[in-house]
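Summary of the model geometry
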Amino acid sequence: MSEVQTFESFGLSEPVRRAVAEVGYPTPTPVQQATFQTIAEGKDVIVQSRTGSGKTAAFALPLIDRVIKPARNVQVMVLCPTRELALQVAGEFERLGKYSELGVTPIYGGAGMQQQIDALKAGAKVVVGTPGRMLDHLRRKTLDVSNLRAIVLDEGDEMLSMGFAEELNAILGMLPKGRQALIFSATMPDAMSRMAARHQREPVTIALSSDNVAPSGIEHHAYFSASGGSVPDLLKVLEIEKPKAALVFCNTKAETELVARGLQNAGYRAEYLNGDLAQNDRERVMGLLREERVDFLVATDVAARGIDVPHLSHVIHCGFPESPEAYVHRSGRTGRAGRTGTAISLIGPHDIGNLYLLRLTYGIRPIERTLPSAAENRTRIEAARVESLVAAASGKVSDDALVLAKRLLTHDDAERAVAWLVDRFVMGVREEEAMPPVPSERPSAPAAVAAAAEAPAREPRANGRPPRERAPRRERAEPEPERKIEVHHADPKAPEATPGEEVGMESLELAVGRREGVRAGEVARLLRDVGLLAKSEVGRIHVRDRVTLVSVSAEKIDELLEVLADVKYNDVPVAPKRADVASAPETAAPVIAAETATAD
Ligand code: AMP
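Here's what I pulled together on the structure shown here. If you're wondering where the values come from, they're calculated on a predicted model, not measured in any experiment.

Here the focus is the site of the ligand. Around the ligand, the structure places 15 residues, and the nearest of them are Tyr-25, Thr-27, Gln-32, Gly-54 and Thr-56. Side-chain polar atom of Gln-32 to a nitrogen atom of the ligand: 2.7 Å apart, as the coordinates give it. Surface burial for the ligand is 87%, taken as the share of its 500 Å² of free accessible area covered by protein chains. Of the residues assigned to the shell around the ligand, the class counts are 5 nonpolar, 7 polar and 3 charged. The two domains that each donate at least three residues to the shell around the ligand are domain 1 (8-207) and domain 2 (218-371).

Summed over all chains, the structure comprises 0 disulfides. Lacking any disulfide linkage, Cys-250 is separated from the closest cysteine sulfur, that of Cys-318, by 4.8 Å. Given the relative accessible area of 2%, Cys-250 is considered buried.

With parallel pairing, the 7 strands of this open sheet are ordered in space as β3-β4-β2-β5-β6-β1-β7. Each end of this open sheet is capped by a strand with a single partner; those strands are β3 (104-107) and β7 (204-207). On average, adjacent strands in this sheet sit at an angle of 15 degrees to one another, irrespective of strand direction. As judged from the 4 bridges shared by β3 and strand β4 (residues 126-129), these two strands associate in the parallel manner. Pairing of Thr-105 across the sheet is with Val-127, part of β4. Each of β3 and β4 touches helix α5 (residues 113-121); the most contacted strand, β3, lies at about 155 degrees to it.

Here we take up the packing of aromatic side chains. Taken as a whole and assessed by the stated rule, the structure comprises 6 aromatic pairs. Geometrically, the ring pair formed by Tyr-268 and Phe-296 is edge-to-face, given 5.3 Å between the ring centres and 80 degrees between the ring planes. Note that Tyr-268 is positioned in the loop between α11 (253-265) and β10 (270-273) and Phe-296 in strand β11 (residues 296-299), a separation of 28 residues in sequence. Judged by its relative accessible area of 2%, Tyr-268 falls in the buried class. On the accessibility criterion, Phe-296 (0% relative accessible area) is buried. Feature note: the residues Phe-7, Phe-10 and Phe-36 constitute an aromatic cluster, connected by ring pairs. One residue, Arg-18, lies across the ring of Tyr-99, its end atom 3.7 Å from the ring centre.

What counts and what doesn't
- Residues numbered from 1 in each chain as written.
- Predicted model: local features only at pLDDT ≥ 70, side-chain atom pairs only at ≥ 80, totals over all residues.
- Heavy atoms only, no water.
- Near = heavy atom within 4 Å.
- Polar contact = N/O pair within 3.5 Å; in protein donor to acceptor, adjacent residues only side chain to side chain.
- Areas by Shrake-Rupley, 256 points an atom, 1.4 Å probe, with all protein chains shown as cover.
- Nonpolar A, V, L, I, M, F, W, Y, C, P; charged D, E, K, R; others polar.
- Domains from an automatic or database assignment.
- Disulfide = S-S within 2.5 Å.
- Buried < 20%, exposed > 50% of the residue type's maximum accessible area, 1.4 Å probe, protein only.
- Pairing = 2+ DSSP bridges.
- Helix = DSSP H or I, 4+ residues; strand = E, 2+ residues; numbered from the N terminus.
- Axes fitted to C-alpha atoms, helices over the stretch in contact; angles between N-to-C directions.
- Contact = heavy atoms within 4.5 Å.
- Phe/Tyr/Trp six-rings, centres within 6.5 Å; stacked < 30°, edge-to-face > 60°.
- Lys NZ or Arg CZ within 6 Å of the ring centre and 35° of its normal.

Read these as layout, nothing more, since geometry by itself doesn't imply function.
Printed below as a string of structure tokens:
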């Protein structure tokens, strides 16, 4: 292997050489060097190679160059754990086989059967797909494998861990005897070895990283937080780490949607990918990611398996994985093909054991970091606000304004006047909202929101760019209704809508009110900033003496109860709960402000 260093030394045919040059691979990666000749000679192989090492080209190149013949029939079958990986592998075959008249057909569930049958009839030489659908075609005899020359199990361990053993055995049993069998697998569990023993002939084992399957070139960071992978913590991490693009992993499908929405609400271009998405939605999301129109893809392990998006600089374990193998596989989505990357974990109290196991199993010791405290976060946000204000003010100003500013700055109330301007023109606070009942009792505004509530993502993004436009989502297509602030002085004779009575809304009760300096506008911002709610999902807000009642989207109330559990307002826990509207306390107490999302 040591003398094989360049693609020239592979002795590639002209069409393949041309395609490799066009794709731009400068030299073969170690796995390509180690496997080319053996596969080209038609031998069975078991390749234990770490993820992202260039393994697809390692089997595609020799198969296209030496194994596939001009006859127009199916000669190579590649089985992959997921549709996404199947599409990627098919793409690699198409690129490397561009001048070799290949015909590549992806075969996976969720796409039209007839369409695949037509594509097969058109003369595909390579079929790439997931085991379930491939078996379907074999059983229906819509896929003729009588001339098959090679079968590849790509990410074999993943297919087994996803429960495809039965399908794999059935498929392998239906293929012609003389075919070559190539197994590529990052880890080699016993079940994989048994399958190899059953379906391969004298395989050559090539282990490139038997001691350590973890991709090199990846830095590992761990942030410890009481809540583990909550959206507010994730937003803080993004502000600190400033990833350009990242794959964010969650442990459940529901979390992927929640986290993606939290990122969108904070202004990030994020989408989610999980097994519940319809096939065309999955393809749309992957397309957006590849075209770099989405920067954060939030996914479950299963949905993200095999995803190869070269520009991903970070993998974020928003929910820490249960097994060290899953950590390795997830983290391998960055640092592809010799690039560097960063894997970041949000570690909650329950994850410590799994973190320890990761160290024991793979020797991975993430650099430990702590999330900034509420006070540090606030200081950072204030500094960012000042910077962005000064930057925004670098444009042209009139002489009149400069003269006025000079006079203003010498005035005794200069500070207050500037604060008023900031409220109106920087923070977007309206007159009624900002006006406290008794000016001397006014709380210091930022102190109102502790820990999670300060939303770093409302500031200019970490990279200095203004907040990115949200990725368009269908449900947001309609313009949001005009917001209007009302000041109500409670009139016991005039009944008014209680929070939670609006259609599709429920009432949330927070254990803080006027005494704690609560202001309706700040509550609205807080709810949106914890990353869960769009503007239209926060309704009327009634601030009372000791409690605040807020009308919120009924769909979100459970998530809110969870996220707000640790949040404090001016150091007082907000202790959220579902309001019992009928017996809500202080129903006759004065309402100082209500904010509605109605257009009345
Ligand atoms: P894989 O391990 O097949 O998922 O490949 C990981 C990444 O490496 C893909 O983006 C490939 O396009 C890229 N790649 C494959 N072979 C080479 C090579 N010889 N030089 C540079 N990049 C490569």
